[in-house]
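An overview of the molecular structure
For reference, the chains in residue letters:
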Amino acid sequence: MLRLAVQAKGRLHEESAALLREIGIKLDESKRQFLSKVPNFPLEMLYMRDDDIPQLVSDGTAGLGIVGLNEVEEKGCPVDIVRKLGFGGCRLSLAIPKAEVPGYEGPSWFEGKRIATSYPKILRKYLESNGIHADIEVITGSVEIAPAAGIADCIFDIVSSGGTLISNGLAEVERVFESEAVLIASPSLSEEGRNVLEELLFRIESATRSREKKYILMNLPQASVEEAVKILPSLRSPTVMPLAAEGWCSLHSVVSESELWDKVRQLKALGAEGILILNVDKIIE
Ligand code: PRT
Ligand code: ZN
């Protein structure tokens with residue numbers, strides 16, 4: 001049975017579970033155990049600390065995993081990165097005490113400094129590629145307090161909103177690594193595992209494609225249909241249906257949310273009335 005390792009608790013847990021539910025995978029969170037079978041899909045869930053997921057997937061204990069790209073990069077174990085998942089976005093950055101910012105002229109500032117981090121491998125790679133020699137102090141939690149505590153001169157840590165840095169008197173000076181949650185697969189995935197992965201990917205594609213889309217329907221004077229079709233190209237072309245009222249039709253289409261209000265304005269100018277906008281659950285092309 002194919003296993004999917006996800007974070008047991010923490011920042012990625014909720015959104016990983018939400019994505020799986022969105023694609024029709026039932027998770028019994030009420031009696032969540034370390035290992036539990038999915039009742040309606042050939043998958044076994046394995047709930048782990050995120051630090052352990054890359055290794056488990058690499059050695060095939062779990063065929064698949066959902067984890068931050070930062071963890072995959074730091075652990076460095078061979079896995080296939082199948083797909084970015086669009087949540088858990090963050091970056092690994094170098095940050096220095098605010099008071100030092102006026103004298104900061106670039107990465108050479110870090111020469112000879114003590115840098116606290118939980119990501120020594122990614123940091124070492126960055127320092128080496130910039131020819132910088134610095135001391136790396138590995139600490140596993142609350143890295144942001146290290147400079148104030150006198151443990152280090154500066155930090156290399158995960159930043160998302162940047163609020164934690166600000167409230168600790170630190171300033172982000174170098175963005176080193178961009179991360180988000182990714183679906184990873186074991187390089188030794190069986191044929192059967194690959195088939196299950198294909199099905200998962202197909203469902204994820206249709207769910208993510210639908211997120212940005214809205215279904216729009218309206219009543220339109222028959223005479224405006226040609227112009228309206230130019231505004232609403234839709235998946236293939238919009239659906240046009242006659243209405244009982246002479247000279248009117250009903251037009252249905254799918255539009256991107258980003259273009260929605262612009263299109264609505266143009267359609268109203270063509271005489272569209274009774275415009276309804278609905279969420280789209282899935283799109284299968
Ligand atoms: O228990 P377990 O080992 O599984 O969890 P964990 O404590 O190691 O990790 P967790 O749950 O904190 O984070 C899991 C993953 O979420 C990380 O590996 C990243 O891929 C991703 N992620 C996204 C983040 C953040 N955003 C984030 N903001 N991980 C941590 N943070 C921290 C950051 O270090 C800072 O201290 O959250 C704090 C707030 O960030 P700001 O910048 O928004 O203030
Ligand atoms: Zn962790």
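Residues numbered from 1 in each chain as written. Chains lettered and ligands numbered in written order. Predicted model: local features only at pLDDT ≥ 70, side-chain atom pairs only at ≥ 80, totals over all residues. Heavy atoms only, no water.

1. A short note on the pairing of strand 13 (residues 239–242)
Applicable threshold: Between any two strands, pairing holds if DSSP finds at least two bridges. Strands are runs of DSSP state E lasting at least two residues, helices are runs of H or I lasting at least four, and both sets are numbered from the N terminus onward.
Two strands pair when backbone bridges link them, and strand 13 and strand 14 (residues 248–256) are joined in this way by four bridges, in the antiparallel orientation. Directly across from Pro242, in strand 14, lies its bridge partner Cys249. From the end of strand 13 to the start of strand 14, which pair antiparallel, there are five residues, and Gly247 there has a positive phi angle of about 80 degrees.

2. Examining the site of ligand 1
Our working definition: To be near a molecule or strand, a residue needs just one of its heavy atoms within 4 Å of it. What qualifies as a polar contact is a pair of N or O atoms within 3.5 Å, subject to a donor-acceptor requirement within protein and to the restriction that residues adjacent in sequence count only when both atoms come from side chains. The definitions used throughout rest on a 1 Å grid laid over the protein atoms alone, on which a cavity is an enclosed set of points accommodating a 1.4 Å probe that cannot get out and a pocket is an open set flanked by protein within 12 Å on both sides along at least five of seven lines; lining residues are those having an atom within 4 Å of a point. Any molecule with more than half of its atoms within 2 Å of a cavity's or pocket's grid points is counted as sitting in it.
Taken together, 23 residues sit near ligand 1, with Arg11, Asp51, Asn70, Ser161 and Thr164 positioned nearest. Arg49 places a polar side-chain atom, nitrogen or oxygen, 2.8 Å from an oxygen atom of ligand 1. One of the backbone N or O atoms of Gly162 is found 2.8 Å from an oxygen atom in ligand 1. In this structure the site holding ligand 1 corresponds to the largest pocket. Looking at the shell around ligand 1, the elements with two or more residues in it are strand 9 (154–159) and helix 5 (163–167). Top element by residues in the shell around ligand 1 is strand 9. It accounts for three residues.

3. Focus: the domain arrangement of the protein chain
Heads up, the rule is: Domain segmentation is taken from an automatic or database assignment of domains. In this description, contact between two residues means that some pair of their heavy atoms is separated by no more than 4.5 Å. When two parts are put together, the accessible area they lose, computed with a 1.4 Å probe and summed over both, is reported as buried area.
Domain parsing of the protein chain yields domain 1 (2–87 + 180–209), domain 2 (90–179) and domain 3 (213–279). Taking the mean C-alpha position of each, domain 1 and domain 2 sit 30 Å from one another. In this assembly, nine residues from domain 1 lie in contact with eleven residues from domain 2. In total, about 810 Å² of surface goes out of reach between domain 1 and domain 2, with carbon and sulfur atoms giving 50% of it. For domain 1, the biggest contributors to the area lost against domain 2 are Asn70, Glu73 and Glu74; these three give 71% of the whole.

4. Examining the sheet that holds strand 2 (residues 35–37)
Applicable threshold: Axis geometry follows a simple rule: fit a line to the C-alpha atoms, using only the stretch in contact for helices, then measure angles between N-to-C directions, giving values from 0 to 180 degrees.
Across the sheet, which stays open at both edges, the six strands sit in the order 2-3-1-4-11-5 with mixed pairing between neighbours. Edge positions in the open sheet fall to strand 2 and strand 5 (80–84), since each of these has one partner strand only. The sheet shows a mean angle of 25 degrees between the axes of neighbouring strands, direction not considered. Sheet contacts for helix 1 (residues 13–22): strand 1 (3–7), strand 3 (44–48) and strand 4 (64–68); angle to strand 1, the most-contacted strand, approximately 140 degrees. Where helix 6 (residues 191–211) meets the sheet, its contacts fall on strand 4, strand 5 and strand 11 (181–185), and the angle it forms with strand 5 comes to roughly 20 degrees.

5. Thoughts on the coordination of the zinc ion (ligand 2)
Put simply, the rule reads: Listed donor atoms are N, O and S within 2.8 Å of the metal (Na, K and Ca: 3.2 Å). As water is not included, a site may look incomplete. Whether a residue is buried, partly exposed or exposed follows from its accessible area with a 1.4 Å probe, protein chains only, as a fraction of its type maximum: under 20%, in between, or over 50%, in that order.
Asp50 (OD) and Asp51 (OD) make up the full set of protein donors to the zinc ion (ligand 2), lying at 2.0 to 2.1 Å. Classification of Asp50 by relative accessible area gives buried; the value is 18%.

6. Quick notes on the pairing of strand 1
Judged by how many residues are buried, strand 1 sits mostly within the fold: four of five residues are covered. As paired strands, strand 1 and strand 3 are joined by five bridges and run parallel to one another. Across the sheet, residue Ala5 finds its bridge partner in strand 3, namely Leu46. Judged from the two bridges that link them, strand 1 and strand 4 form a sheet pairing that is parallel. Directly across from Ala5, in strand 4, lies its bridge partner Gly65.

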